[in-house]
Amino acid sequence: MAFILKQYQKDALSALQSFLVDCQSQGPKVAFEAATSLPYKSKLAGVPSVCLRVPTGGGKTVLAAHSIGVCADNYLNTNAPVVLWLVPSDMIRQQTLKALSDVAHPYRQALATKYQDRIKVCDLESLQTINRHDVGKSCIVIVTTIQAFRISKTEKRNVYAFFEELSPHFANLPPQLEAQLEKVTAETLVEQPYLTQADIGRVKHSLANWLAMLNPMIILDEAHNAKSKLSFETFARLNPKCIVELTATPQDSNVIYHVSAAELKTAEMIKLPVVLTEHPDGWQACLRDALLQRKKLELEAQKEADYIRPILLVQAQDKNGEANIEAVKAHLLSQEHVPQVEIAVATGSVKDLEGVDLFARDCPVRVVITVEALKEGWDCSFAYVLASLQNMNSAKDVEQLLGRVLRMPYARARQSEPLNKAYAHVIAENVAQAAATLKDRMVENMGFNKWEADLVVQPGLDLDAPLQPGYQTPITPAVSVSLSHVPDTTFFSEEVKQAIKVLPNSQGATVFIAKGTDIETFKQIENSIVKSAPLKAQQAAQEAFNEARASRQASHAAENWNAKFALIPQLCLDIDGDWQVLDQEIIEDAYEWDLLDFQVQLANFNIIETANSFEIDMKGEKVSYKHIDAAQLAFDAMSTSITENELVEWLDRKTRRSGLTQARLRAYLLKLIAHLLHDRKFSLTALVRAQFQLVRAINDEIDRLYVLARKKAFQGDLFSKMAVAPVADPFNQFEFKSGIYPVRKPYRGSYEFQKHFYAQIDDLKEKTNSGKLSEEFLCAQAIDLNANVKYWIRNIPQQRQHSFWLPTSDDYFYPDFVVELTNGAIALIEYKGEPYETNDDSREKNAVGEQWAKGSGNKRLYLMAVSQDDCGRSVTDQINELFKI
């Protein structure tokens, strides 16, 4: 079964692709800053260096494998890339090498999809298996550690040594390339005495020079480990064409895409939230409850179709501590009566897990005891519960072990809700203090943003208390506020003093606000502390309280308390008696059309040839290539005498898409290439040189024609035919599911919303740049305050699977707010600022929204809200009028 990328992985690769395409015409600095609005940090002059930031459990390595094809097609411009894959340790090297060599593994499949059997994978020791003829014909991936290259004196590493066996690769070097490569020096002779004085000044036939000659793509796994000056001096010697970094915790990197923890949860990659239980009464109580938690989860696992055996990870104290490995194991055997065969110890000296398949049905292991971090690459998604018996304030590697219990078995959500969560039992005085410490570790070392850590760590419940079905009344949890100063409580009211506990620390203080504190008391605490803070500390204090308010708001969210949002009817089309949801594919399939219905052209593509170079112009942006570079653009494994038909066959493979038959695509491509050759007068050689840019231009043109076809359908009778299905069923209704809300820009403001269904609110700014309350915020506030509103959701755009949308002629329309009223009605609200109120896009959205609401007897409501409508009503008045019951 082929591995299917998750949506966030597709989005990350799409962001990388867009950056690389722009790089060719604009350079890395302009392209990066245009994509992110962040300053570009130049690592190597002219070499694009960007980072995909992926939290623990997000599948960084599979993204790395897929990034090879993206870079090859969109920047390297080759069908045979050379890739240097650098990892932080030998253990990771072995694992990555094994996976890339296994034809059934997703990493290898990512390469095979693009390069079929033209793949060579090796490490430095087996590089001799790559012969001269593989270069330019196969995708070559060399996996090694960065330590193999990172040294100031190159004579001390074998990769920089002279090897006669490599000599055939260095035959007939162009002078300008020879000038760039490292030469034999007197120091080389000391390390390699078989060389003579006559060799001084020769190009060194070394592995490093061989790579530098080929301009490799560098993949930098766990990139935060390679940020020293020496690391980038090393990269400069290797003459890379581009660098792609992957890490959860980037340091001084150009982050082109950041995957959020909410996206990983939505993609069913990780277990969240982390249910945290504190144990002030000692390690024995902590261990007992963790074992009880594991047993309850194993009972739940019996109901699953997939085999799951929940495992408990125990972090013991070091050998001098009371709860050391021997003591913990003895306690498990004698007091908790855990069978010996179910216990494994994993330390530097004891390796009970060596060669053990923890996923095997006949494996008995249920408890793994360790002290520090488990070895790199140790992954077992059956790990569900962490018991850290070290003091939470000083526990070492607790975040690394927590990462081990986050991965979701089989990367699919479980039917039993408890199996979708991870569990941590820790030694601490109170849960707020333990949570604050754990959140800090998650931010510093696991790739979580602070707001994400606040969201995913939740207090544990009494293990002996059964879960109650249906909606449960929210309880405001204790929250912590980290300050850069120690507040003076002398003049605080008694009510405020009773509700807080101040713990000074080296950075200032942490204020713990008691469980059950109401909104008004929380505001009093906030005002007392912020206003009494030193002037320089007030802004930071306000931001800290905004974070705490968001945590309180999250605790009230209906999704956390077994609530359900009403199902929402979608616009459909009756196709032979079957009401199908009206997405772009249905529109395209329902109306007969052909690419050749439109004029064959490629207006935004041009090639200008000179004696020594050729220039490609796409959409007015020019990219120049020297002929020496163009000659390196391999055309699969074909000879240089490419025929017109062979070019069409290659383009056919690169431009296929669903809803377009191969026969129709091929007919279109034949006409298009004939047009370029005979009408535009391009030579076939020029088109072959520009093959990758040509593919992008053709794909852009096909996208444009698809939009024209859909517009034509909308302008016909399609609009009047689309409607909500007369009989509701699961296939024509949309469901907002608890826990599935891929937020990327969470709301942080001074107003505490009460009715948002999800714990976070995406991309809602409280104030404009001028300091005024934003009209979208006022819109959300009016919804939240209306007595007839049960729940509402800030709809996230461009999330087809997880947000509600309506079809438009060129894309999808995601209304800003989706509201469930107390009488069961559903309302869609789109806010439009004054400049956009009457443009074509707004008119079409308004028409589609009204079509959705049509004929529902006020069970479906639609409003395009504006700052002031024709009747002079404000946003709040427009919403209140809509919600009248």
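Everything numeric in this text was worked out from a predicted model, so none of it was measured.

**Some details on the side chain of Lys 271**
Okay, step 1: Positionally, Lys 271 belongs in the loop between helix H10 (261–266) and strand S8 (274–278).
Okay, step 2: Owing to a relative accessible area of 0%, Lys 271 belongs among the buried residues under this scheme.
Okay, step 3: Among the polar contacts listed, one links the side chain of Lys 271 to the backbone oxygen of Arg 407, at a separation of 2.7 Å.
Okay, step 4: In contact with Lys 271, other than residues within four places in its own chain, are Ser 381, Ala 383, Tyr 384, Val 405, Leu 406, Arg 407, Met 408, Pro 409, Leu 419, Asn 420, Lys 421 and Ala 422.

**A closer look at the confidence of the model for the protein chain**
Okay, step 1: Taken residue by residue, the protein chain gives an average pLDDT of 85. The fraction at 70 or more is 90%.
Okay, step 2: Of all the helices and strands in the protein chain, helix H20 (residues 627–630) carries the lowest mean pLDDT, 41, while strand S29 (residues 817–821) carries the highest, 97.
Okay, step 3: Contacts of residues 462–471 to residues separated by more than four positions or lying in other chains number 15 contacts, the stretch itself having pLDDT below 50.
Okay, step 4: Ignoring residues within four places in sequence, the model shows residues 626–640, a span with pLDDT below 50, making 34 contacts including any to other chains.

**Observations regarding the pattern of salt bridges**
Okay, step 1: Summed over the entire model, instances satisfying the criterion amount to 32 salt bridges.
Okay, step 2: A salt bridge links Asp 73 to Lys 114; the nearest nitrogen and oxygen atoms lie 2.7 Å apart. In this pair, Asp 73 sits in helix H3 (residues 60–76) while Lys 114 sits in helix H5 (residues 106–115), placing the two residues 41 residues apart along the sequence.
Okay, step 3: Residue Lys 114 is classed as partly exposed on the basis of its relative accessible area of 26%.
Okay, step 4: Arg 704 is paired through a salt bridge with Glu 701; the nearest N and O atoms lie 2.8 Å apart. Of this pair, Arg 704 and Glu 701 both sit in helix H24 (residues 691–721), 3 residues apart, which is roughly one turn of that helix.
Okay, step 5: For Arg 704, a relative accessible area of 35% gives the class partly exposed.

**Some words on the sheet that holds strand S15 (residues 479–483)**
Okay, step 1: Ordered in space as S15-S17-S16, the 3 strands form an open sheet in which the pairing is antiparallel. Where the open sheet ends on each side, the last strands, each with one partner, are S15 and strand S16 (500–505). On average, each strand axis in the sheet is tilted by 20° relative to the strand beside it, whichever way the strands run.
Okay, step 2: Relative to strand S17 (residues 508–513), S16 runs antiparallel, the two being bridged by 6 bridges. Looking at the pairing, Val 502 lines up with Val 511 of S17.
Okay, step 3: This element, helix H18 (residues 538–556), spans S15 and S17 of the sheet and lies at about 165° to S15.

What counts, and where the lines are drawn
Residues numbered from 1 in each chain as written. Predicted model: local features only at pLDDT ≥ 70, side-chain atom pairs only at ≥ 80, totals over all residues. Heavy atoms only, no water. Helix = DSSP H or I, 4+ residues; strand = E, 2+ residues; numbered from the N terminus. Buried < 20%, exposed > 50% of the residue type's maximum accessible area, 1.4 Å probe, protein only. Polar contact = N/O pair within 3.5 Å; in protein donor to acceptor, adjacent residues only side chain to side chain. Contact = heavy atoms within 4.5 Å. pLDDT = per-residue confidence, 0-100. Salt bridge = Lys/Arg side-chain N within 4 Å of Asp/Glu carboxyl O. Pairing = 2+ DSSP bridges. Axes fitted to C-alpha atoms, helices over the stretch in contact; angles between N-to-C directions.

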